[in-house]
Amino acid sequence: MKFPKGFLWGGATAANQCEGAYNVDGRGLANVDVIPYGEDRWKVATGKKIVEGFEENVYYPAQEGIRFYENYQEDIALFAKMGFKTFRMSIAWSRIYPKGDEHQPNEKGLQFYENIFRECQKYNIEPLVTITHFDCPMHLIKEYGGWRNRKLITFYERLVRTLFTRFDGLVKYWLTFNEINIILHAPFMGAGLELHEGDDEKSVKYQAIHHELIASATASKIAKEINPDIKIGCMLAAGSTYPLTSNPKDVWEAKQMDRQNYFFIDVQSRGYYPSYALKEFDREGLSIVMEEGDEKLLKENTVDFISFSYYMSKVATTDKELKKSSGNMFNAVKNPYLEESEWGWQIDPLGFRITLNELYDRYQKPLFVVENGLGAIDHPDENFYVEDDYRINYLRDHIEAMRDAINIDGVDVIGYTTWGPIDLVSASTGEMSKRYGFIYVDRDDQGRGTYQRKAKKSFYWYKKVIETNGEDLS
Ligand code: P53
């Protein structure tokens, strides 16, 4: 029961959740900067509360992150110590193009990422780079309306051309949009999309989505022109949906919920809008403007591999009362057979194997697991040391499930990066106390602390996993 030779073990981060230095070296303001910590967070994230900038007496966790901007050398050295083969990180768009619509990139921003890639190179760590992980320059949102405006494709094209050219030879694996389906559930956080009064919400979202899909295909096209060896992946917030009962109505509901998410990858991987979506747009009278040439572009520039995050499976029901109680963004209800994390996320390793199989059955392209992990409250001792057996157990069970998918089911998996190998700010809650890391960071929910780094028990465990290429999970 082995993992393939050259399997890419590592960890995954995002600029907005770890870099900090939000106004340093010419970086422009982005949507992710103005999403507050506290009770308004989700209102802002979902676009229900529109913000212009910072408000007084509110804490904005992205401003400081975990100070990765200053600490990247130390942090990458720690990843190297665990034996990372790959490191997933993202580019802050507004470091490269501070407003988004300039013609010349900001050299200091480019230099920062070049430094990171050179640091990785020192340790033979393959960078895996997300072009946009939820972020969008505020100027593009306020001046152009963000992704609802087709011009965003041009600005994104400028960004990717700059990145692919400058980092040719340093970066081989790129992801176009992190969790592209999150735009449906948290449009402002996920894509900088604001909803205004009078908007036909669904039309606006799918128009923005169309622009993102075209931008993604454009990135594939440009990448191959610059260097045919570059590999482009899409990125989905995955996790299969189960029907709550065998009532065919529940089964149908589950299928519909899955399709909502698979829709994105259907386009990015197959190269055309699936008929069920076209029918739905028609039926509901959604007016989505597409241009001549879009179809051809999508068809000719599909992704090379499928990447996704997996934290949990979901459960669908047609029971209206139960649905109301769900309280999470996928409208999923509790699974009576599963345990859950302290944040109510269902823990389901077999669901991981099911999801891997589903994605492979559907697309027949190599899969890259680029996020998986357990957000938990840690209890450090006086030296900041954490014994996180709960985290080790979660990861072991999931790695075993992935091993079964590879060895028993024949699923093609390129690599696996755990979410937040170093503790970082939570996307959904803005908390620091929701920790995923092998490395503890001394910082609390309000940004107070020494920001000192310290290896947890799981650090040594993951090191052994990588050393033995997944054979020793004990
Ligand atoms: P946190 C849910 C909500 C927001 C972002 O989430 C999410 C998800 C899970 O699908 O997606 C990813 O930090 C995301 C990361 C994020 C991670 O899940 O809320 O790509 O940015 O940190 C974990 O616990």
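Everything numeric here is computed off the predicted structure, so don't read it as measured data. (Residues numbered from 1 in each chain as written. Predicted model: local features only at pLDDT ≥ 70, side-chain atom pairs only at ≥ 80, totals over all residues. Heavy atoms only, no water.)

A. Structural context of the overall build of the protein chain. Of the regular secondary structure elements, the protein chain holds 16 helices and 14 strands. Its C-alpha radius of gyration of 21 Å places the protein chain within 12% of the 23 Å reference for a compact globule of 474 residues. Based on the C-alpha atoms only, the size of the protein chain along its principal axes is roughly 60 × 55 × 50 Å. The buried share of the protein chain, taken over its 474 residues, is 61%. Intrachain contacts of the protein chain at a sequence separation of at least 6 include 77% that bridge at least 24 residues. Taken as a whole, the protein chain presents about 18900 Å² of accessible surface, with 48% of it coming from carbon and sulfur. Averaging the locations of the 58 positively and 72 negatively charged side chains of the protein chain gives two centres separated by 3 Å. (Helix = DSSP H or I, 4+ residues; strand = E, 2+ residues; numbered from the N terminus. Rg over C-alpha atoms; globule rule 2.2 N^0.38 Å. Buried < 20%, exposed > 50% of the residue type's maximum accessible area, 1.4 Å probe, protein only. Contact = heavy atoms within 4.5 Å. Areas by Shrake-Rupley, 256 points an atom, 1.4 Å probe, with all protein chains shown as cover. Lys, Arg positive; Asp, Glu negative; His and termini not counted. Charge placed at Lys NZ, Arg CZ, Asp CG, Glu CD.)

B. Seen up close, the side chain of Ser240. Structurally, Ser240 can be placed in the loop between strand S5 (231-237) and strand S6 (241-243). Exposure remark for Ser240: the relative accessible area of 1% places this residue in the buried category. Of note is the side chain of Ser240, whose polar atom sits 3.0 Å from the side chain of Glu358. Excluding anything up to four places from it in sequence, Ser240 contacts Asp258, Tyr262, Ser313, Lys314, Ile354, Thr355 and Glu358. (Polar contact = N/O pair within 3.5 Å; in protein donor to acceptor, adjacent residues only side chain to side chain.)

C. Local environment of the pairing of strand S2 (residues 86-90). Across the five residues of S2, five count as buried, placing the element largely inside the fold. Burial along S2 is two-sided: the face carrying Thr86, Arg88 and Ser90 and the face carrying Phe87 and Met89 are both buried. Pairing analysis gives three bridges linking strand S1 (residues 8-12) to S2, with the strands arranged parallel. Residue pairing across strands places Ala12 opposite Arg88, the latter belonging to S2. Direction of pairing for S2 relative to strand S3 (residues 126-132): parallel, over a ladder of five bridges. (Pairing = 2+ DSSP bridges.)

D. Geometry of the sheet that holds strand S11 (residues 367-371). Strands sit in the order S1-S2-S3-S4-S5-S7-S11-S12 around a closed barrel of eight strands; the barrel is parallel. On average, adjacent strands in this sheet sit at an angle of 25° to one another, irrespective of strand direction. Sheet contacts for helix H7 (residues 151-166): S3, strand S4 (173-177) and S5; angle to S3, the most-contacted strand, approximately 165°. Strands in contact with helix H16 (residues 457-467) are S1 and strand S12 (413-419); relative to S1, the strand with the most contacts, it is inclined by about 150°. (Axes fitted to C-alpha atoms, helices over the stretch in contact; angles between N-to-C directions.)

E. The nonpolar core, seen in detail. Membership of the largest hydrophobic core comes to 142 residues, with the highest contact counts inside it found for Tyr113, Ile116, Trp147, Phe263 and Met402. With eleven residues, helix H9 (residues 201-226) is the largest single contributor of residues to this core. Each residue touching Met402, except ones within four places of it in the same chain, is listed here: Phe3, Phe7, Trp9, Phe352, Leu356, Val369, Val413 and Tyr416. Formed by nine residues, the second largest nonpolar core is a distinct cluster that contains Leu128, Leu175, Met235 and Phe305. (Core = buried A, V, L, I, M, F, W, Y, C linked by side-chain atoms within 4.5 Å.)

F. The site of the ligand, seen in detail. Residues in contact with the ligand amount to 16 residues; listed here are only the nearest, Glu179, Glu371, Ala427, Ser428 and Tyr436. A distance of 2.8 Å is found between an oxygen atom of the ligand and a side-chain nitrogen or oxygen belonging to His133. In this structure, Lys434 approaches the ligand through a side-chain N or O atom, which is 2.8 Å from an oxygen atom. (Near = heavy atom within 4 Å.)

G. Region of the structure containing unusual backbone geometry. One non-glycine residue, Arg67, lies in positive phi territory at about 60°. Structurally, the position occupied by Arg67 is in the loop between helix H2 (41-45) and helix H3 (68-81). One non-glycine residue, Phe384, lies in the positive phi region at around 70°. Mapped onto the elements, Phe384 comes out in the loop between S11 and helix H15 (389-407).

H. Structural context of helix H11 (residues 275-283). Where H11 is concerned, the buried positions are Tyr276, Ala277 and Phe281. Looking down the long axis of H11, one finds its buried residues gathered within 135° of arc, a one-sided arrangement. Along H11, the residues that are exposed and aim more than 90 degrees away from the buried face are Ser275, Lys279, Asp282 and Arg283. Among the structural elements, H9, helix H10 (248-270) and helix H14 (349-363) are those in contact with the buried residues of H11. Just downstream of H11, Gly285 is the residue with a positive phi angle, here 65°. (Arc of directions from axis to C-beta.)

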